[in-house]
Amino acid sequence: LQKMGVNFTVSNKDTVKSSDVLFLAVKPPIIPFILEEVGPDIEDRHIVVSCAAGVTISSIEKKLSTFCPTPKVIRCMTNTPVIVREGATVYATGTHADVEDGKLLEQLMASVGFCTEVEEDLIDAVTGLSGSGPAYAFTALDALADGGVKMGLPRRLAVRLGAQALLGAAKMLLESEQHPGQLKDNVCSPGGATIHALHFLESGGFRSLLINAVEASCIRTRELQHLADQEKISPAAIKKTLLDKVKLESPSLSMASASKVSLFTSKSPSSKKN
Amino acid sequence: GKVPASSILASAPSDKNLDAWRESGCRTTHCNLEVLQESTLVFLATKPHVLPGVLQEIRPAVGPHHIVVSLAAGVTLQTLQRLLPAGTKVLRLMPNLPCVVQAGAMVFARGSGAGDGEAALLKSLLSSCGLCEEVPESYINIHTGLSGSGVAYVYLFAEALAEGAVKMGMPGGLASRIAAQTLLGAAKMMLETGEHPAKLRGDVCTPGGTTIHALHQLEKGALRATVMNAVEAATNRACDVAED
């Protein structure tokens with residue numbers, strides 16, 4: 001990030017003071033502590049954007065309300081392909097966030113992929129689908145490459161072709177009015193190779209596996225959120241073990257840009273399972 | 001449908017099959033040759049193993065003006081043409097059971113002696129019984145697997161739907177009628193809108209609703225693959241039987 005010309009600081013406080021939009025990109029258990037730390041410096045102009053999975057808008061607003069009467073909070077869920085500007089991001093606006101605040105975030109995130117607003121209660125489902133989705137795709141690609149290798153292709157070529165096939169298919173779907181079922185049919189000539197292969201996929205319950213995966217990820221997200229809400233482990237205990245480590249190990253970063261966006265991030269040690 | 005009953009002559013060895021024809025006003029006989037003498041368009045609707053014998057019997061009476069349509073499963077155009085005079089206009093037809101309620105699915109293939117006129121005539125006549133399409137002969141066994149036997153798959157599905165409803169507390173008779181109507185309605189929508197079934201399926205699925213929950217169960221049971229297996233098995237069997 002420094003190479004890109006991003007400003008860098010180890011002080012969360014400085015970050016807040018010099019920015020308007022604050023991205024909280026820490027692991028969910030750390031959120032409460034970050035909020036406590038920066039809470040006093042939050043002003044009306046600040047938009048607090050949380051990317052933490054399972055952390056609700058209301059929990060953030062509650063924490064900040066001790067410092068600021070009407071904190072602007074937006075919750076978002078994105079995914080790793082933002083790195084290549086093909087992310088899938090959704091956001092939900094909090095009680096005091098205006099339409100323009102949402103639009104500002106949307107503008108920012110749209111520069112790294114697709115971004116749209118949703119109701120907060122859909123965010124878990126989004127996690128299951130596009131949050132975890134790249135992992136499903138990587139798994140599929142690994143397996144497709146194995147298939148290619150089994151049938152004689154060199155690994156590098158197999159990976160390259162598999163990835164391009166999925167990329168191309170996704171692009172076709174996004175650019176087409178047609179239903180994926182129809183697009184599938186268009187590839188399947190009668191009695192041909194593809195329909196034989198698809199029969200194998202169906203026999204293995206391919207579709208239901210994917211449905212199961214999205215469901216499992218969504219349900220787990222809800223579980224984690226529920227556990228977090230219950231705050232089973234005393235904050236003091238977590239604070240002692242985690243926060244000291246965090247402060248020692250990783251600095252927080254701040255990005256200066258036209259609209260003064262701040263990115264908080266910390267490498268969190270493997271935290272105790274709540 | 002399109003032909004007055006008085007123009008139809010049906011032949012069978014015994015009366016038991018002929019009563020139904022007589023009741024609808026058709027003429028009947030026990031003499032196959034008479035059918036050839038009286039009629040231009042001749043349908044051969046015997047069991048496959050009986051057909052060669054019948055063809056031998058009628059062969060002397062078959063002329064260039066005749067159009068011979070065989071419904072015998074597994075008897076190829078090649079066989080039919082071999083057992084009839086050279087150049088005879090021969091077509092092979094595969095219907096399915098719902099023809100009896102004018103909602104059949106039929107395919108036919110033409111032999112080398114049959115031309116566009118004969119194909120058009122057959123299609124026009126049979127359209128009154130349902131969907132009728134000309135196909136290459138190689139599709140006929142597939143049609144058996146898809147639609148000939150396919151009717152039975154639908155009955156099985158309907159029965160299972162109804163049983164599910166009974167389990168949930170609905171009386172069987174009502175459940176059965178509703179199951180049938182559901183299938184009929186869905187099929188009608190497919191035929192009338194021409195939309196892809198996947199799209200129609202999506203249209204019924206409200207997010208997080210009942211339908212998507214149910215469909216997940218069907219996918220878990222690999223219903224799609226099982227159905228594909230069924231069509232494949234019936235088609236293969238039709239091919240095997242034909243070679244006998």
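Residues numbered from 1 in each chain as written. Chains lettered and ligands numbered in written order. Predicted model: local features only at pLDDT ≥ 70, side-chain atom pairs only at ≥ 80, totals over all residues. Heavy atoms only, no water.

J.: For this particular structure, what's the right way to read the domain arrangement of chain A?
T.: Note: interface size is frequently given as the accessible area lost on complex formation between the parts. Domain parsing of chain A yields domain 1 (2–120) and domain 2 (132–218). Relative to domain 2 of chain A, the C-alpha centre of domain 1 of chain A lies at a distance of 35 Å. (Domains from an automatic or database assignment.)

J.: Is there a simple way to explain the sheet that holds strand S7 (residues 130–134) of chain B in this structure?
T.: Think of a sheet as strands paired side by side through backbone hydrogen bonds, with each pair either parallel or antiparallel. Residue and element names in this part refer to chain B. Taken together, five strands build an open sheet; the order of strands is S3-S4-S5-S6-S7 and the sheet is mixed. Sheet topology places strand S3 (41–44) and S7 at the edges, where each strand pairs with a single neighbour. Strand-to-strand, the axes of this sheet are offset by a mean angle of 25°, without reference to chain direction. Alignment of strand S6 (residues 104–110) against S7, held across five bridges, turns out to be parallel. By the bridge assignment for S7, Ala-105 is matched with Leu-131. Sitting on the sheet, helix H5 (residues 116–126) is in contact with S3, strand S4 (67–70), strand S5 (89–94), S6 and S7, with an inclination near 170° to S6. (Pairing = 2+ DSSP bridges. Helix = DSSP H or I, 4+ residues; strand = E, 2+ residues; numbered from the N terminus. Axes fitted to C-alpha atoms, helices over the stretch in contact; angles between N-to-C directions. Contact = heavy atoms within 4.5 Å.)

J.: I tried to follow the pattern of salt bridges on my own but got confused; where do I start?
T.: Pairing between side chains of opposite charge can happen when their charged atoms approach one another. All names here are of chain A. Under the counting rule described, the total for this entry stands at 26 salt bridges over all chains. For Arg-155, the salt bridge goes to Asp-142, with nearest N and O atoms at 4.0 Å. You can see Arg-155 sitting in helix H7 (residues 155–175) and its partner Asp-142 sitting in helix H6 (residues 133–150), a full 13 residues away along the chain. Judged by its relative accessible area of 38%, Arg-155 falls in the partly exposed class. (Salt bridge = Lys/Arg side-chain N within 4 Å of Asp/Glu carboxyl O. Buried < 20%, exposed > 50% of the residue type's maximum accessible area, 1.4 Å probe, protein only.)

J.: Would you take a moment to explain the pairing of S5 of chain B for this structure?
T.: If a strand is regular, its side chains alternate between the two faces of the sheet. Residues and elements named next belong to chain B. For S5, the buried fraction is high: five of the six residues fall into the buried class. In this view, the connection linking S4 to its parallel neighbour S5 by way of helix H4 (residues 77–83) has right-handed handedness. As judged from the four bridges shared by S5 and S6, these two strands associate in the antiparallel manner. Residue pairing across strands places Leu-91 opposite Arg-110, the latter belonging to S6. (Right-handed = clockwise from strand over helix to strand, strands pointing away.)

J.: I tried to follow the UniProt feature "domain: Pyrroline-5-carboxylate reductase dimerisation" (unreviewed entry) in chain A on my own but got confused; where do I start?
T.: Under the present numbering, the feature "domain: Pyrroline-5-carboxylate reductase dimerisation" (unreviewed entry) in UniProt falls on residues 120–224 of chain A. The span residues 120–224 of chain A is 82% helical and 0% strand by assignment, and the distance between its end C-alpha atoms comes to 16 Å. (UniProt positions renumbered as here; feature names shortened; annotations may be inferred.)

J.: I keep staring at the packing of helix H10 (residues 206–230) of chain A against helix H10 (residues 210–220) of chain B and nothing clicks. Help me out?
T.: If you want to describe how two helices pack, look at the angle between their axes and the distance between the axes. Orientation of H10 of chain A relative to H10 of chain B, taken along the N-to-C sense of each, is 130°, at an axis distance of 8 Å. The angle between H10 of chain A and H10 of chain B places the two elements in the oblique class. For the crossing formed where H10 of chain A meets H10 of chain B, the hand is left-handed. Counting all contacts with H10 of chain A, which are made through Arg-207, Ser-208, Ile-211, Asn-212 and Glu-215 of chain A, the residues of H10 of chain B involved are His-216, Glu-219 and Lys-220 of chain B. The residue makeup of the contact of H10 of chain A with H10 of chain B, split by class, is one nonpolar, three polar and four charged. (Parallel < 35°, antiparallel > 145°, perpendicular 65-115°, else oblique. Left-handed = near helix turned anticlockwise from the far one by under 90°. Nonpolar A, V, L, I, M, F, W, Y, C, P; charged D, E, K, R; others polar.)

J.: How do you make sense of the UniProt feature "binding site: NADPH" (unreviewed entry) in chain B when you look at a structure like this?
T.: Residues and elements named next belong to chain B. With numbering aligned to this structure, UniProt lists the feature "binding site: NADPH" (unreviewed entry) at Asn-32. Considering the arrangement of structural elements, one finds Asn-32 in helix H2 (residues 32–38). When near neighbours in sequence (up to four residues on either side) are disregarded, Asn-32 contacts Ser-11, Val-54, Glu-57 and Ile-58.

J.: For this particular structure, what's the right way to read the side chain of His-216 of chain B?
T.: By the element assignment, His-216 of chain B lies in helix H10. Residue classification places His-216 of chain B among the buried residues on the basis of a relative accessible area of 7%. Polar contacts involving the side chain of His-216 of chain B include one to the side chain of Asn-212 of chain A, which spans 2.5 Å. Beyond its immediate sequence surroundings of up to four residues, His-216 of chain B is in contact with Ser-208, Ile-211, Asn-212 and Glu-215 of chain A. (Polar contact = N/O pair within 3.5 Å; in protein donor to acceptor, adjacent residues only side chain to side chain.)

J.: Sorry if this is basic, but what is going on with the environment of Ser-7 of chain B here?
T.: All names here are of chain B. Inspection of the secondary structure puts Ser-7 in the segment before strand S1 (9–11). Residue Ser-7 is classed as partly exposed on the basis of its relative accessible area of 45%. Ser-7 sits 19 residues away from Cys-26 along the chain, and the two C-alpha atoms are 7.1 Å apart.

J.: I keep staring at the UniProt feature "binding site: NADP(+)" (unreviewed entry) in chain B and nothing clicks. Help me out?
T.: All names here are of chain B. The sites that carry the UniProt feature "binding site: NADP(+)" (unreviewed entry) are, in the present numbering, Ala-45, Thr-46, Lys-47 and Pro-48. As for its placement among the helices and strands, Thr-46 is situated in the loop between S3 and helix H3 (51–58). In contact with Thr-46, not counting residues within four places along its chain, are Leu-51, Val-54 and Ala-72. One can find Lys-47 in the loop between S3 and H3.

J.: Hey, could you run me through the domain arrangement of chain B in this one?
T.: Domain annotation for chain B reports domain 1 (5–136) and domain 2 (149–243). Placing the centre of domain 1 of chain B and that of domain 2 of chain B at their C-alpha centroids yields a distance of 33 Å.

J.: Is there a simple way to explain helix H4 (residues 99–110) of chain A in this structure?
T.: Residue pairs spaced three or four apart in an α-helix point in one direction, given the helix's 3.6 residues per turn. All names here are of chain A. Its 12 residues place the ends of H4 16 Å apart at the C-alpha level, agreeing with the 16 Å of an ideal helix rising 1.5 Å per residue. Within the span of H4, buried status applies to Asp-101, Gly-102, Leu-105, Glu-106 and Met-109. Looking down the long axis of H4, one finds its buried residues gathered within 140° of arc, a one-sided arrangement. Relative to its buried face, H4 has exposed residues pointing more than 90 degrees away, namely Val-99, Glu-100 and Gln-107. Buried residues in H4 make contact with strand S1 (21–24), strand S2 (47–50), strand S3 (72–77), strand S4 (87–93) and strand S5 (113–117). (Expected span 1.5 Å × (residues − 1). Arc of directions from axis to C-beta.)

J.: It is not clear to me how the nonpolar core should be interpreted in this structure. Could you clarify?
T.: Side chains that are nonpolar tend, in soluble globular proteins, to be buried together. Ranked by size, the top nonpolar core spans 24 residues in total, and within it Ile-31, Ile-42 and Leu-64 of chain A carry the most contacts. Sorting the residues of this core by element identifies S1, helix H2 (31–38), helix H3 (57–65), S3, S4 and helix H5 (123–131) of chain A as the ones contributing at least two each. At four residues, the largest contribution of residues to this core is made by H2 of chain A. Not counting the four nearest positions on each side in its chain, Leu-64 of chain A is found in contact with Leu-35, Gly-39, Ile-42, Val-48, Pro-71 and Val-73 of chain A. With 23 residues, the next largest nonpolar core counts Leu-51, Leu-80, Val-90 and Val-135 of chain B among its residues. (Core = buried A, V, L, I, M, F, W, Y, C linked by side-chain atoms within 4.5 Å.)

J.: Would you take a moment to explain unusual backbone geometry for this structure?
T.: Across residues other than glycine, the phi torsion is negative in most instances, and most of the peptide bonds are trans. Positive phi outside glycine occurs at Arg-85 of chain A, with the angle close to 60°. Looking at where Arg-85 of chain A falls in the secondary structure, it is placed in the loop between S3 and S4. Its identity is not glycine, yet Ala-222 of chain B carries a phi of approximately 50°, on the positive side. Following the sequence through the fold, Ala-222 of chain B ends up in the loop between H10 and helix H11 (223–243). Since its relative accessible area comes to 14%, Ala-222 of chain B is described here as buried.

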